[in-house]
Amino acid sequence: MNTAAVLPPAAAPSAATAVPSAAAVRNPIGAHVPVAARGLAGTGLAYARRVGAEAVQVFVANPRGWATPPGNPAQDAEFRTACAEQGIPAYVHAPYLINFGSDTTATRERSADSLRHSLLRGHAIGALGVVLHTGSAVGTAPGGGSRRAEAMAQVRTDVRPLLDELDALGDDAPWLLLEPTAGQGSSLCSRMEDLAEYVDALDGHPKVGVCLDTCHAFAAGHDLAVPGGVREALDALVAAAGPGRLRLIHANDSEDAVGARKDRHANIGAGMIGAEPFRELFEHPETAGVPLVVETPDRKHGGEGAGHALDIGVLKELRERAAVPGQRSRR
């Protein structure tokens, strides 16, 4: 465990703590927030205030199921208006079951329906982006061996029409944000260089972006913990996907060593990456204005957002210490 750079715990903000508008801060820092019980605004934004979040990520469907529930127009409007008034960028995370690299037709069809639902719901609530795990090449090729080539062809066949539908939503449509995975199994995209083939399969569509998960990148072999490791990984991302495509960062430490290909998140500074590399994230030109959200353990700190409040506090301290390029618009 890398503990050398762990910062002192930050005090959890109370519900009455004033959180500055995200529009007034560089790199808004927030969390994935729950939305059960009282909905997007009643539960989600209340949680965001409690933990001091300046950005939020939500699910709009069961992340481990295929259901595509309709939204509540009143709640959608309340959430969208509140985020706009408070300058809080919002994002949707698509369900985990989606995999366009599957060798099962039913899975691909359900994946298309599920992603379409997330994109439409994201548009309805004013989300800036919809995060999609990039999937894996399930099964074997007819002659044996990897199905990677077939799986990437499927990505183009299945996702490209959804991007055409995205275009029809207008200029305020959310981005589709590709999230490279930790490298488990026959992953289609885990290393930064894998993004080149994925973006190319989607014709370099102008609304295709990237969500960088620091734990995933570390697990896939990008050693963010060594001096210069963050810069090298971000340079590789830009080289593969192109400048301006990084739109969101999942700021998660890792319980496992670099290259372990295990997706196990740790609290900021309490894992194998350590706190200091997160400061370096703020200092790369490609991250200017890019929000960070934590998906870190909360229950081990008592739940109710206590762990997320601590991690957000640490990241805010690191942001203050960082020398950062000028912020640019991410719309």
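For the structure given in this document, a descriptive report is provided here. Quick caveat, the model's predicted, so the values are computed rather than measured.

Calculation rules
- Residues numbered from 1 in each chain as written.
- Predicted model: local features only at pLDDT ≥ 70, side-chain atom pairs only at ≥ 80, totals over all residues.
- Heavy atoms only, no water.
- Helix = DSSP H or I, 4+ residues; strand = E, 2+ residues; numbered from the N terminus.
- Buried < 20%, exposed > 50% of the residue type's maximum accessible area, 1.4 Å probe, protein only.
- Polar contact = N/O pair within 3.5 Å; in protein donor to acceptor, adjacent residues only side chain to side chain.
- Contact = heavy atoms within 4.5 Å.
- Core = buried A, V, L, I, M, F, W, Y, C linked by side-chain atoms within 4.5 Å.
- Phe/Tyr/Trp six-rings, centres within 6.5 Å; stacked < 30°, edge-to-face > 60°.
- Lys NZ or Arg CZ within 6 Å of the ring centre and 35° of its normal.

## Section: the side chain of His 93
Stage number 1. Following the sequence through the fold, His 93 ends up in strand E3 (residues 90-93).
Stage number 2. Residue class for His 93 comes out buried when judged on its relative accessible area of 2%.
Stage number 3. A distance of 3.4 Å separates a polar atom in the side chain of His 93 from a polar atom in the side chain of His 133.
Stage number 4. Discounting residues that sit within four places of it in the chain, His 93 has contacts with His 32, Gln 57, Val 58, Phe 59, Val 131, His 133, Glu 179, His 250 and Glu 295.

## With respect to the nonpolar core
A general trend in soluble globular proteins is that nonpolar side chains are found buried together.
Stage number 1. The biggest cluster of nonpolar side chains holds 78 residues, and the ones touching the most others in it are Phe 79, Phe 100, Leu 115 and Leu 195.
Stage number 2. A total of seven residues in this core trace back to one element, the largest contributor, which is helix H4 (residues 148-168).
Stage number 3. Non-local contacts of Phe 100, meaning those with residues more than four positions away in its chain, are made with Arg 108, Ser 111, Ala 112, Leu 115, Leu 132, Ala 151, Gln 154, Val 155, Asp 158, Val 159 and Leu 162.
Stage number 4. Ala 55, Tyr 91, Val 131 and Trp 175 belong to the second-largest nonpolar core, a separate cluster that totals eight residues.

## Remarks on the packing of aromatic side chains
Stage number 1. This structure, assessed with the given rule, holds one aromatic pair.
Stage number 2. The interplanar angle of 85° and the centroid separation of 5.7 Å between the aromatic rings of Phe 59 and Tyr 96 together place this pair among those described as edge-to-face. Taken together, the residues span a long stretch of sequence, with Phe 59 in the loop between strand E2 (56-58) and helix H2 (73-86) and Tyr 96 in the loop between E3 and helix H3 (105-124) at a distance of 37 residues.
Stage number 3. A relative accessible area of 19% means that Phe 59 is categorised as buried.
Stage number 4. The exposure class assigned to Tyr 96 is partly exposed, which follows from its relative accessible area of 32%.
Stage number 5. When the ring centre of Trp 175 is taken as origin, the NZ or CZ atom of Arg 247, which lies over that ring, is 3.9 Å away.

Purely geometric stuff here, so don't read any function into it on its own.
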